[in-house]
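Descriptive analysis of the structure
Residue-level listing of the chains:
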Amino acid sequence: MMMPRDFAWIRPEPWGIHIVPADCWIDPSRPVSRALVTHGHADHARGGHGETFATPETLAIMKLRYATDEGAVSVPYGERMALAGGVHATWIPAGHVLGSAQILLEHAGERVIVTGDFKRRPDPTCPPFEVTPCDVLITEATFGLPVFRHPPVEQEVAKLLAALTANPERCVLVGAYALGKAQRLIAEVRRAGHHEVIWLHGAMEKMCRLYEEWGVPLGDLRLVSDAPKESLAGSILIAPPSALNDRWSRRLPDPITAMASGWMQVRQRARQRMVELPLIISDHADWDELTQTVTDVNPAETWITHGREEAMLRWCQLNQRRAKALALVGYEDEDD
């Protein structure tokens, strides 16, 4: 009988995943000499590293968000990079946000995938997730409970557009995170046939322009600050979630307050945010996507991190799959 391998060359630590032979880290939450970064959200990417290896899109996002590009090493999707200690790394699309990647690590005949954050559903703003065989799958589990089953995005966009049509004297103010969610929402609204001006809070503009620079068309976008109040009636406005109920929103024409997030499935969260129109749109895999990914990849072991690890761990056990939960810190739900 073959003994289980221990994969001692890759070591989960509280502040990140340490690739021991290469002495580098994946998505470390503190500065290190060499960091491999899956995507640009602040719970995975930060400045202060000696070298940062990431896709060119992620490096552009990091330069914009964190004013950091020193030591940046660009790695396009699919390019196999040799690291120290006989380790090779390949960045593979994760379908989460622009530039997001799984990282495939190869060493001594063993293959490990670190998914970072991912989803399996189509997204017009980034390449789709690619199933990649491996021995160990290190997966997120943000929505790792059976209750989390996200509806089709088309259904949620239809709710948004119906509210707009039914209330021409009002505007619909949507809270959406500035990296990923805002751009995906805009692109999905365009795909649904809405080609009118979409108005942006000032905090959203630079990231939307960066997406456009990387070939993601978003249509006619303008700043709320440039618009007379009366011109905003019957329009969609997009702002950071923190702006939904602050002084900025008081000048708007009787806004219908909406929020785009996977957490809007939890009614208490919608009530806490005083959200009138919850839109269940997530950039993370839901329960069915998580379990389907483990099935599709079919690893010898599954390591589960930053999320609801217990339910995923139990599912793996019930399906005769070796699994363990990791205790990483510093990973939040910023990009839900």
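Please refer to the structure placed before this passage.
Here's a quick rundown of the structure.

Basis of the calculations
Residues numbered from 1 in each chain as written. Predicted model: local features only at pLDDT ≥ 70, side-chain atom pairs only at ≥ 80, totals over all residues. Heavy atoms only, no water. Core = buried A, V, L, I, M, F, W, Y, C linked by side-chain atoms within 4.5 Å. Buried < 20%, exposed > 50% of the residue type's maximum accessible area, 1.4 Å probe, protein only. Helix = DSSP H or I, 4+ residues; strand = E, 2+ residues; numbered from the N terminus. Contact = heavy atoms within 4.5 Å. Pairing = 2+ DSSP bridges. Axes fitted to C-alpha atoms, helices over the stretch in contact; angles between N-to-C directions. Arc of directions from axis to C-beta. Salt bridge = Lys/Arg side-chain N within 4 Å of Asp/Glu carboxyl O. Parallel < 35°, antiparallel > 145°, perpendicular 65-115°, else oblique. Nonpolar A, V, L, I, M, F, W, Y, C, P; charged D, E, K, R; others polar.

Right, let's get into the nonpolar core. Membership of the largest hydrophobic core comes to 37 residues, with the highest contact counts inside it found for Leu160, Val174, Ile236 and Ile238. Looking at this core element by element, the count peaks at six residues for helix H2 (residues 153-166). The contact partners of Ile238, leaving out residues within four places of it in the chain, are Val174, Ala176, Ala182, Leu185, Ile186, Ile198, Trp199, Leu200, His201 and Met204.

A few words on the sheet that holds strand E1 (residues 10-13). A sheet is described by the order of its strands in space; here six strands give the open sequence E1-E2-E3-E4-E5-E6, paired in mixed fashion. The open sheet terminates on both sides in strands that have one partner only, identified here as E1 and strand E6 (72-74). On average, each strand axis in the sheet is inclined to that of its neighbour by 25°, with strand direction left out of account. Pairing analysis gives three bridges linking strand E4 (residues 34-36) to strand E5 (residues 51-54), with the strands arranged parallel. Residue pairing in the sheet places Leu36 in a bridge with Phe53 of E5. Each of E5 and E6 is contacted by helix H1 (residues 56-66), which is oriented at about 130° to E5, the strand it contacts most.

Considered for burial, the residues of helix H7 (residues 309-318) that qualify are Glu309, Met312, Leu313, Trp315 and Cys316. Viewed along the axis of H7, the buried residues span an arc of 160°, placing them on a single side of the element. H7 presents Glu310 and Leu318 as exposed residues on the side facing more than 90 degrees away from its buried surface. In this fold, the buried residues of H7 make contact with strand E11 (136-141), helix H6 (287-297), strand E18 (301-307) and strand E19 (322-325). Within two residues after H7, Gln320 carries a phi angle of roughly 55°, on the positive side.

For the rest of this paragraph, the subject is the pattern of salt bridges. Counted by the stated rule, this structure contains 21 salt bridges. With a closest N to O distance of 2.7 Å, Lys119 and Asp123 form a salt bridge. You'll find Lys119 and Asp123 in the same group, each marked buried. Note that Glu301 and Arg322 form a salt bridge whose closest N and O atoms lie 3.5 Å from each other. Of this pair, Glu301 sits in strand E18 while Arg322 sits in strand E19, and the two are 21 residues apart along the sequence. Where salt bridges share partners, they join Lys119, Asp123, Arg184 and Asp283 into one cluster.

In this section: the sheet that holds strand E16 (residues 256-260). Read from one edge to the other, the open sheet built from six strands follows the order E14-E13-E15-E12-E16-E17, with strand pairing classed as parallel. Since the sheet does not close on itself, it has two edges, and those belong to strand E14 (221-223) and strand E17 (277-279), each with one partner. Ignoring strand direction, the axes of neighbouring strands in this sheet form an average angle of 30°. When strand E12 (residues 172-175) meets strand E15 (residues 236-239), the two strands line up parallel, connected through four bridges.

Further remarks concern the packing of H2 against helix H3 (residues 181-191). Interhelical geometry of H2 versus H3 gives an angle of 80° and a closest axis separation of 10 Å. Taken as axis vectors, H2 and H3 run roughly perpendicular relative to one another. Between H2 and H3, the residues in contact are Val153, Glu154, Val157, Leu160 and Leu161 and Arg184, Leu185, Glu188, Val189 and Arg191, respectively. When its residues are assigned to classes, the contact of H2 with H3 shows six nonpolar, no polar and four charged.

Our focus in this paragraph is H6. What H6 keeps buried is the set Trp287, Glu289, Leu290, Thr291, Thr293, Val294 and Val297. Looking at the buried side of H6, the elements it contacts are E11, E18 and H7.

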